[in-house]
Amino acid sequence: MPSALPGGENVHGPFWSEPGTLLEHVPVAVFGVDDGDTICYWGPGARDLFGYDSTAVLSKPGAVLFADGDRSSSESCARLTERGRTLGYWRGRLTARHRDGTFFECGFRVFSVTGAGGPPVVMILASRSGELDRVKTNLAFLDALFATCPIGLVMLDPDLRYVHLNQALADMDGLAIEAHLGRRMDEVMVMSDGGEYQRMLRAVALGGAPVVGALVGMRPRGHPDRDQVRSVSFFPLSQAVGSRPGVGGLMVDVTDREQAILEATASRRRLALLDGASTRIGTTLDVNLTAQELVDASMPDFCDGAVVEVVEWMDEAEVFDPARPLFTRRIASGTILPPPATELVSGVEKVRYPPGSVIHDMLRTGRAISAVVNEEFLARTVLIESRARLFAESGLACVLVAPLVARGTVQGIAMFGRSRDRPAFTRDDVSLAGELASRAAICLDNARLYSRVQDIALTLQRALLPSALATSPYVDVAHRYVPGSRITEVGGDWYDVINLPDGRVVLVVGDVMGHGVSAAASMGRLRITTKALARHDSEPADLLTELDACAQEAGIELATCLYIVYDPKTGRARIAGAGHPPPLILRPDGTVETIDEVLGVPLGVGGFPFRTTEIELPGNATLALYTDGLIEARGRDIEAGLEALRAELGGSPGPLEEMADRILASLLPTPPTDDTVLVLARVHRSP
């Protein structure tokens, strides 16, 4: 075991007595005595305690270190080493002597160490008794303080994670001490102060001024049913003895004394929930998404589970009859509870409520109501026995039902549930649920009305599009119409194939600018007018001139059209365009050509002539006609979209139906941002 060398150089063994942490306050001397009670090991701490350098004591009798000793012997030293050899370990207090001749009380711990093949050595650890007593007293005080103090005590690291706390604080938080350690404060309690509490703690942790007696409103996650007001004091932890930085704190529950603050905290929480719901509900005009936003906004702060159902009225004029069953359709649900609660809220779509149910009570009064989940509730409200059993086993102890009323009509119901671990709904909660439902009902009604308009426009558009295209032995056609997604309005895209005398075939594609019912109606007018004009066998340019005049008379301000007449006898096609994207030709050799001489001005502008372009098409050439929804998308230039279409068209020619599907899959975004028409026509020569 290495010792301090006779020259004074320190060589540390396994007993490290350098200052730091506890040893900075209680220096420990380590030295060894051989079987002749001669000092054979002298640590740096021993020099600090007794005042001797290693050169002065190594190989000297241990008696020099004790008050009753002389240069050769000491009864205290002999008794100390004898007990170490015979007992293996001993501790006690003796009077020691410093090199300067002063005496001091010292605590000793001795134990015997046997080296490999060498004689045994008694190792001795010594510290001043006064310093030991002081530290022991401090530790005893701290232990007693953390064990018995009724005030909450806490130590946090710089990241505001729990390092140490007492049982009083654990009881206040409703979580075991072990459940706190390593977690941040915001994981243990819910605040409604916009982060002010966290900012205050971080300022203290960074060495700021202590906080004394600040009043804070909070809700511990271990007591989700209990808002609290606490008087808190925090101070930065010192690093003077090598301890970790952080924050120390004291907390006192003053809820009863500060009920006004508690009520203000609850009010802020309700306002925060309403404010959050206002920003989260109604972000789209989709009924189902809007309903799900209401469910998500209510959990977990307000409830543990929620559903939204729309009432299946026979018609809008139907009046609620409390004597008749009520039929609803569940369109959104969610819960934070484990199964079977998940199956309870999501395992059904159609729901039937019998007369006398809680839902009927709510609709009869027109106001939100709460109810306890018991046998009476289940018997009145849940008809299916298996659903009633799920309800009873779900853990939900109370429900709150609010009507979704907009423009004087009950659109549906919102139902919120709380588990047995939370308090029943209060009068304030009922009022809050009514406000949530009222705000959500307007958003749902807007989404419902928008969906209805969308359905009308889509139905009108599909009714005005051709149900079956004209066929010809000389032109094979594959056509696709893809409506925009539910978040976009129906557009005015259209197409047609028309047979003319002498076997000629007309291919036409158009697009009315705008969206909705108006665009669909305008599209229908142009398509029917085009079909009627085509039968007069007009030149393409002349037909567009007539169509332009009709568009102006009908008030159609802007529309595009591409009109192609193919003659299988000559293999020639006559083309005229009114502001429409140019057609593409895939030739049999695989090359793709853009016919961009036929752009023209849109219909409805007036005052500009149209012109006809004639081209020759080889047999088995494929014409591609389309609307701008195929090549134009957010974040993509229209020229890039056109190049992508050219690449897809010439990539791998094959059956037209497969080509159409491949082109749409490659070019259309998901979901589609606009209506899209694609017509592929493969032409053949007549004999």
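This structure is a prediction, so every number in the text was calculated from the model and none was measured.

So, how was this worked out
Residues numbered from 1 in each chain as written. Predicted model: local features only at pLDDT ≥ 70, side-chain atom pairs only at ≥ 80, totals over all residues. Heavy atoms only, no water. Buried < 20%, exposed > 50% of the residue type's maximum accessible area, 1.4 Å probe, protein only. Helix = DSSP H or I, 4+ residues; strand = E, 2+ residues; numbered from the N terminus. Pairing = 2+ DSSP bridges. Phe/Tyr/Trp six-rings, centres within 6.5 Å; stacked < 30°, edge-to-face > 60°.

Enquirer: What should I look at first to understand the pairing of strand 6 (residues 152-156) in this one?
Expert: Side chains on a regular strand alternate between the two faces of the sheet. Of all the 5 residues making up strand 6, 4 are buried; the element is thus mostly covered by neighbouring parts of the structure. Where strand 6 and strand 11 (residues 247-253) come together, 5 bridges link them in antiparallel fashion. Opposite Gly152, over in strand 11, you have Met251 as the bridge partner. In this sheet, strand 7 (residues 162-165) lies alongside strand 6 in antiparallel orientation, the contact comprising 3 bridges. Its bridge partner lying in strand 7, Leu156 is registered against Tyr162. Two successive antiparallel strands, strand 6 and strand 7, enclose a turn made up of 5 residues, where Leu160 displays a positive phi of approximately 65°.

Enquirer: How do you make sense of the pairing of strand 27 (residues 676-683) when you look at a structure like this?
Expert: Burial within strand 27 is extensive, with 8 of its 8 residues counted as buried. Of the two faces of strand 27, both are covered, the one formed by Thr676, Leu678, Leu680 and Arg682 as well as the one formed by Val677, Val679, Ala681 and Val683. Here 8 bridges tie strand 18 (residues 475-482) to strand 27, and the two strands are oriented antiparallel to one another. Note on strand 27: the bridge partner recorded for Tyr481 is Val677. Bridge count for strand 26 (residues 622-626) against strand 27 is 5 bridges, and the pairing is antiparallel. Looking across to strand 27, one finds that Leu623 is bridged to Ala681.

Enquirer: So what exactly am I meant to see when it comes to the packing of aromatic side chains here?
Expert: By convention here, two paired aromatic rings are described through the distance between centres and the angle between planes. If you walk through the whole model with that rule in mind, you get 9 aromatic pairs. The interplanar angle of 45° and the centroid separation of 6.0 Å between the aromatic rings of Trp42 and Phe50 together place this pair among those described as tilted. With relative accessibility at 1%, the residue Trp42 sits in the buried group. Their ring planes at 80° and their centres at 5.5 Å tell us that Phe377 and Phe391 sit as a pair that is edge-to-face. Here the residue Phe377 occupies a position in helix 13 (residues 375-381), and Phe391 occupies one in helix 14 (residues 385-393), the gap between them amounting to 14 residues.

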